[in-house]
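Working through the structure, step by step
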Amino acid sequence: MSEQRFVSPNGDQLAAKIMDGEAVLINLATGMYYSMADSATLIWSMIEQGCSVDYIAGCLSDRYDVPDAQAKRDVERIVRELEEEELAVVSEVGSNPERPSIPEGVAAPLEYFAPKLEKFSDMAEMFALDPPLPGIVDRN
Amino acid sequence: MAQSATEIGDQILDPSAVPFAELSHAFVEASTHLKPEQLDVVVAGFHVRLRVAGPTLAATLLAPLAHLPVADGRRPDLVVDVIHGEETGYAPAQTAAPTESRYGILLKASDDGRFVGEERGHTRSWLDREQSRIVSWYASESLLNLDERARPFHKLLSTWLEERGVQFVHAGLITAENRGLLFVGNGGAGKSTSSIACMLAGMGFLGDDFVGFSGTAPRFRGHGIYGTCLLANHHIHRFPALERISKAANHAFEDKRISYLRGDYGNDLATEVDLSALLLPRVVDRGMTSTRPASKGEALMAIAPTSVMFLPRPSRAAFARVSALVESLPAFWLELGRDVDAIPDVVSALARNL
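Procedures and definitions
- Residues numbered from 1 in each chain as written.
- Chains lettered and ligands numbered in written order.
- Predicted model: local features only at pLDDT ≥ 70, side-chain atom pairs only at ≥ 80, totals over all residues.
- Helix = DSSP H or I, 4+ residues; strand = E, 2+ residues; numbered from the N terminus.
- Rg over C-alpha atoms; globule rule 2.2 N^0.38 Å.
- Buried ≥ 20, exposed ≤ 12 C-beta atoms within 10 Å, placed from the backbone.
- Pairing = 2+ DSSP bridges.
- Axes fitted to C-alpha atoms, helices over the stretch in contact; angles between N-to-C directions.
- Contact = placed C-beta atoms within 7 Å.
- Core = buried A, V, L, I, M, F, W, Y, C linked by C-beta atoms within 7 Å.
- Parallel < 35°, antiparallel > 145°, perpendicular 65-115°, else oblique.
- Left-handed = near helix turned anticlockwise from the far one by under 90°.
- Nonpolar A, V, L, I, M, F, W, Y, C, P; charged D, E, K, R; others polar.

1. Let's talk about the overall build of chain B
Scanning chain B from terminus to terminus reveals eleven helices and 19 strands. What you see for chain B is a C-alpha radius of gyration of 20 Å, in line with the 20 Å of a compact globule of 354 residues. Counting only C-alpha atoms and orienting by the principal axes, one finds that chain B spans roughly 60 × 45 × 45 Å. Looking at chain B residue by residue over its 354 residues, the buried ones come to 53%.

2. Remarks on the sheet that holds strand E3 (residues 22–27) of chain A
Spatial strand order, E2-E3-E4-E6 (chain A): four strands in an open sheet with antiparallel pairing. Of all strands in the sheet, those with a lone pairing partner are strand E2 (14–19) and strand E6 (118–120) of chain A, marking the two edges. Across the sheet, the mean angle separating the axes of adjacent strands is 15 degrees when strand polarity is ignored. The pairing of strand E4 (residues 33–37) of chain A with E6(A) spans three bridges and is antiparallel. Paired with A:Tyr33 across the bridge in E6(A) is A:Phe120. Against the sheet, helix H9 (residues 296–308) of chain B engages E2, E3 and E4 of chain A, with an angle of about 10 degrees to E3(A). In the packing of helix H10 (residues 316–328) of chain B onto the sheet, contacts are made with E2 and E3 of chain A, and the angle to E2(A) comes to roughly 15 degrees.

3. With respect to the nonpolar core
With 153 residues, the main nonpolar core has A:Ile43, A:Ile56, B:Leu278, B:Leu280, B:Ile303 and B:Val326 as its most contacted residues. Once residues within four sequence positions are removed from consideration, B:Leu278 is found in contact with B:Leu182, B:Val184, B:Ala299, B:Ile303, B:Val326, B:Leu329 and B:Ala331.

4. Quick notes on the packing of H9(B) against H10(B)
All names here are of chain B. Running from N to C, H9 and H10 point in directions that differ by 150 degrees, and their axes come no closer than 10 Å. Viewed along their axes, H9 and H10 adopt a mutual orientation that is roughly antiparallel. Crossing hand, H9 versus H10: right-handed. Every residue of H10 that contacts H9 at Lys-296, Ala-299, Leu-300, Ile-303, Ala-304, Ser-307 and Val-308 is listed here: Ala-318, Phe-319, Val-322, Ser-323, Val-326 and Glu-327. Along the lines of polarity and charge, the residues of the contact of H9 with H10 split into nine nonpolar, two polar and two charged.

Purely spatial values, then, with no claim about function.
If you want it as structure tokens, here you go:
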């Protein structure tokens, strides 16, 4: 049996919040920012709880009534994107909650849409012209 | 990962390499020959004393703050001392050639965190966080960028105020029906247009681009700081009253004009107000301007990235404060139709129903 892969937010450079079913993420090191909605918000909330890829896929499948294989594929893809954007990290250490906490506003929709990470780069030019102070990003 | 000191290179300095003492000494020297202009004002509740050695530069740097309440005789919380190279003859030991092509801003800090600096080709400004003092040198008033003229010291001032519970946000702020309304959104969304249209209609104006807030849920207080506005060259024609008093940029790459506001429009240049709602302007392709509720997620997207990344120190703490503000206040889309003149009435009607 293969090792479980647990996903968690990349705390060093990430600011994130879920409000009204939408997740807003900012990469403080690059100036890129992102939004996630619907099933993607559910996945992000699971990532904030440090869940494994399989566990997240199971939750997605249960909540949206999508086939396990599709849920697994979609979660794998979005986790890969989050890793590439340095928003999440994957490790073999972690644990899954007995019952996941589902944020308010992530109601089960009638129809399943594949999770999507929307990326916004309009701050990047300003960031390049006027870079912030490095090295003293707070750890709060 | 946050950058390490070795990756940072010339942005993190040994404290002995920080030119604060040199600039401080130069200010004292310059002041013996040229009496500094002094302004004592209350900025977001703090007494700030500004002293500028060089009357030409003083006129430019102090004008955006001149509308603020005059501070009483108590000891200042922050002192800002400025030297104008052109009028005092002083230049720092290491001075790069002024750049004409772009902003070229470099923020620096000492590795012990005590000093934070902002350097451009024509200026050096350093904040001593321990002594609450900023010392600055500007080569020539004629080289100032628009942001330096409209929002003097905003990077170091926002750093200092943030440590005292005042969070800067990239937003416009007005008062309507005694309620504080924040206009939030990225550049081009319509923050300035909305704020200025309301100001010209006689509403209280606290800022069109860069304001502060303090407090915790459920009560947040908005702070106006700069009595100026910046409008794009192609856009200022919409506001003839401002166009008449506006001044051009010093550099060809800056495509805005600056207007110094003095409450000449039947309105107040207010400085504080309780915040009641967030308005998210956006231009729509129809005639009428209207409002409709926005979700908190939409409001957070509109205010957080642009405000947090605009700061000298983007941080999770700043993001958390902005998030708390969004959680606490109702939010509305302000959909800007072609009838710009209708904005004040639409905003007033919304404020009455809050």
